[in-house]
Structures are given as structure tokens and as C-alpha cells.
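# Examining the three-dimensional arrangement
Next come the chains, spelled out residue by residue.
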Amino acid sequence: GQNIDQPTEMTATEGAIVQINCTYQTSGFNGLFWYQQHAGEAPTFLSYNVLDGLEEKGRFSSFLSRSKGYSYLLLKELQMKDSASYLCAVRDDDKIIFGKGTRLHILP
Amino acid sequence: DTEVTQTPKHLVMGMTNKKSLKCEQHMGHRAMYWYKQKAKKPPELMFVYSYEKLSINESVPSRFSPECPNSSLLNLHLHALQPEDSALYLCASSQLQGRHYEQYFGPGTRLTVT
């Protein structure tokens, strides 16, 4: 079966750091995506991890542990525009399966 | 260029109408996807085309009919839809090989079935 878990909602303060976790149990695994989605808009690609470890891209970093079925997205120096849903998605051959998303609220 | 385009942006159709959604990319991606997304839910995979061949159909009703005329274009033909089919329809594309596997979404078509 396929199961991807992430917290439903999180709140953080402008300028701070937040970590959004994702755990997965899937029949196959070829990589893990993180997307950002603002309300009413399409998802925007943030990162793709296929090997264990941390990938850094500006204020955003993504970590993967394949043995633990675990990933996190780290957002630094939070800005108000980072208020959005963050979607974790697992690639299983040609399929890409999404978690339910984490709605991140940023407080001034 | 990392752009996926979709037309139309909005579509209102009756249950007896036939319409088509169109998607285009020029990134040389050989995988193209249709997703359906309802409000406050994640995207739900409908179809995947790999090298212009349908590789995944996630048990989608036959009133949705995908077509991939060439490696840059993807269509979704709609016929006899139900009101519950109203949603945002997203097209995406990606490479099929390599480590830097990035999937890009188009802006979507917001479909309302009346």
C-alpha cells in the first residue's frame, strides 16, 4: 500500500526556521519531491531527493533518509510569502503520489 | 525555459458537452501527467504518458480520455461529465532519467460542470 504522512498545519514566525516532516511507506521508491502551493495556484517544484542526505537550495533545504522512510523540508529566514501548503510526494516508477500537504501559517 | 502551458484557464461546461483541455511543454520532457485537484486536497494522479505511450491510468472513468499527439502536447478530452468532476485539472511534465528529476506543473484549468 501507499502511505505518505505529513502534519496538517504548522505555524511559525517571520524570520524564524521551520522544519516540515514527511514519512512514507510505499511499494516502490525512486525519489521524493517537495512542492509549494499557494491557494488557487498550481504546485511549484522545490526539490527532489533520490539519495540520502541534505540538498540545499537557498533558504530551502530538503533531507532524505531512505532507510527510515523519512524526509524533511527546512525553511530558513521565513517570509510572509512562505505562507502556503507544502506537499511531499513520492515517485514510484512512473507514478508520483502526493501526501495531503502541510498548511504553513507565518505570523508577523 | 521551465514552462508548461495549459488552455483554457477556465472552462464551464454542461453535462452533455464535449470539450478538450490542452497542455504543452518544450523542455524535452518525455513524461507528461494529468492530475485532478479538489479544493484543500492534494493533486490526484489520473494519467501518465511515457514516451508518448499511456503508462498509467489510475482507474479514471471513461468520460475522461487522454491523448498524447506528440512529445510536446497532451490533451484531455471530456464528455458527459458530472458536477462532481468540477475541479482544477493540472498538467505536469518531467524527465524520465537522471538524478535531477524535476516535475513542473502548468497553471491548471479550472473546470466547472453544470
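Residues numbered from 1 in each chain as written. Chains lettered and ligands numbered in written order. Predicted model: local features only at pLDDT ≥ 70, side-chain atom pairs only at ≥ 80, totals over all residues. Heavy atoms only, no water.

## Focus on the state of the cysteines
All names here are of chain A. Taken as a whole and judged by the stated rule, the model has 2 disulfides over all chains. The side chain of Cys-22 participates in a disulfide bridge whose partner is Cys-88; the two sulfur atoms lie 2.0 Å from each other. Around the S-S axis, the bridge from Cys-22 to Cys-88 shows a dihedral of about -65° and counts as left-handed. In this pair, Cys-22 sits in strand β3 (residues 18-25) while Cys-88 sits in strand β9 (residues 84-92), placing the two residues 66 residues apart along the sequence. (Disulfide = S-S within 2.5 Å. Helix = DSSP H or I, 4+ residues; strand = E, 2+ residues; numbered from the N terminus.)

## Description of the pattern of salt bridges
Under the counting rule described, the total for this entry stands at 5 salt bridges over all chains. Across the pair Lys-95 of chain A and Glu-58 of chain B runs a salt bridge whose closest N-O atoms are separated by 3.3 Å. Here Lys-95 of chain A is found in strand β10 (residues 95-98), whereas its partner Glu-58 of chain B is found in the loop between β6 (53-57) and β7 (64-70) on a different chain. The class for Glu-58 of chain B is partly exposed, based on a relative accessible area of 32%. Taking the shortest distance from any N to any O, the salt bridge between Arg-30 of chain B and Glu-52 of chain B comes out at 2.9 Å. On the criterion of sequence distance, the pair formed by Arg-30 of chain B in the loop between β3 (18-25) and β4 (31-37) and Glu-52 of chain B in the loop between β5 (44-50) and β6 is long-range, its members being 22 residues apart. Accessibility expressed as a relative area gives 31% for Arg-30 of chain B, which makes it partly exposed. (Salt bridge = Lys/Arg side-chain N within 4 Å of Asp/Glu carboxyl O. Buried < 20%, exposed > 50% of the residue type's maximum accessible area, 1.4 Å probe, protein only.)

## Digging into the sheet that holds β7 of chain B
All names here are of chain B. Pairing is antiparallel across the open sheet formed by 4 strands, whose spatial order is β1-β3-β8-β7. In this open sheet, the two edge strands, each paired with only one partner strand, are β1 (4-7) and β7. The sheet shows a mean angle of 20° between the axes of neighbouring strands, direction not considered. Pairing analysis gives 5 bridges linking β7 to strand β8 (residues 73-79), with the strands arranged antiparallel. Pairing of Ser-65 across the sheet is with His-77, part of β8. (Pairing = 2+ DSSP bridges. Axes fitted to C-alpha atoms, helices over the stretch in contact; angles between N-to-C directions.)

## Some thoughts on the nonpolar core
If you look at the biggest cluster of nonpolar residues, it comprises 46 residues, and the most contacted ones within it are Tyr-33, Trp-34, Tyr-35, Phe-64, Leu-76 and Leu-78 of chain B. Sequence-distant contacts of Tyr-35 of chain B, that is, excluding residues within four places in its chain, are made with Ile-96 and Phe-98 of chain A together with Pro-43, Glu-44, Leu-45, Met-46, Leu-88, Tyr-89, Leu-90, Ala-92, Gln-103 and Phe-105 of chain B. (Core = buried A, V, L, I, M, F, W, Y, C linked by side-chain atoms within 4.5 Å. Contact = heavy atoms within 4.5 Å.)

## Remarks on the packing of aromatic side chains
Per the stated rule, a full pass over the model turns up 16 aromatic pairs over all chains. Relative to Phe-105 of chain B, the ring of Tyr-35 of chain A has its centre 5.4 Å away and its plane inclined at 80°; by these criteria the two rings are edge-to-face. One end of the pair, Tyr-35 of chain A, is in strand β4 (residues 31-37); the other, Phe-105 of chain B, is in strand β10 (residues 103-105), on a second chain. We note that Tyr-35 of chain A, like Phe-105 of chain B, is buried. One aromatic cluster is present, formed by Phe-33, Tyr-35, Phe-45, Tyr-48 and Phe-98 of chain A together with Tyr-33, Tyr-35, Tyr-104 and Phe-105 of chain B through successive ring pairs. (Phe/Tyr/Trp six-rings, centres within 6.5 Å; stacked < 30°, edge-to-face > 60°.)

## A few points about the confidence of the model for chain A
Chain-level statistics for chain A give a pLDDT mean of 94 and a share of 99% at 70 or above. Looking over chain A, one finds the lowest element-wise mean pLDDT in β10 of chain A, namely 88, and the highest in strand β8 (residues 70-75) of chain A, namely 98. (pLDDT = per-residue confidence, 0-100.)

## Points about the side chain of Thr-109 of chain B
Residues and elements named next belong to chain B. If you trace the backbone, Thr-109 turns up in strand β11 (residues 109-113). Since its relative accessible area comes to 0%, Thr-109 is described here as buried. Discounting residues that sit within four places of it in the chain, Thr-109 has contacts with Gln-6, Thr-7, Pro-8, Lys-9, Leu-11, Leu-21, Ala-87, Leu-88 and Tyr-89.

## Section: the pairing of β10 of chain A
For a regular strand, side chains alternate in direction, first toward one face of the sheet and then toward the other. All names here are of chain A. Here 4 bridges tie β9 to β10, and the two strands are oriented antiparallel to one another. By the bridge assignment, Arg-91 is partnered in β10 with Ile-96. Between β9 and β10, which follow one another and run antiparallel, lie 2 residues, and Asp-93 among them has a positive phi close to 55°.

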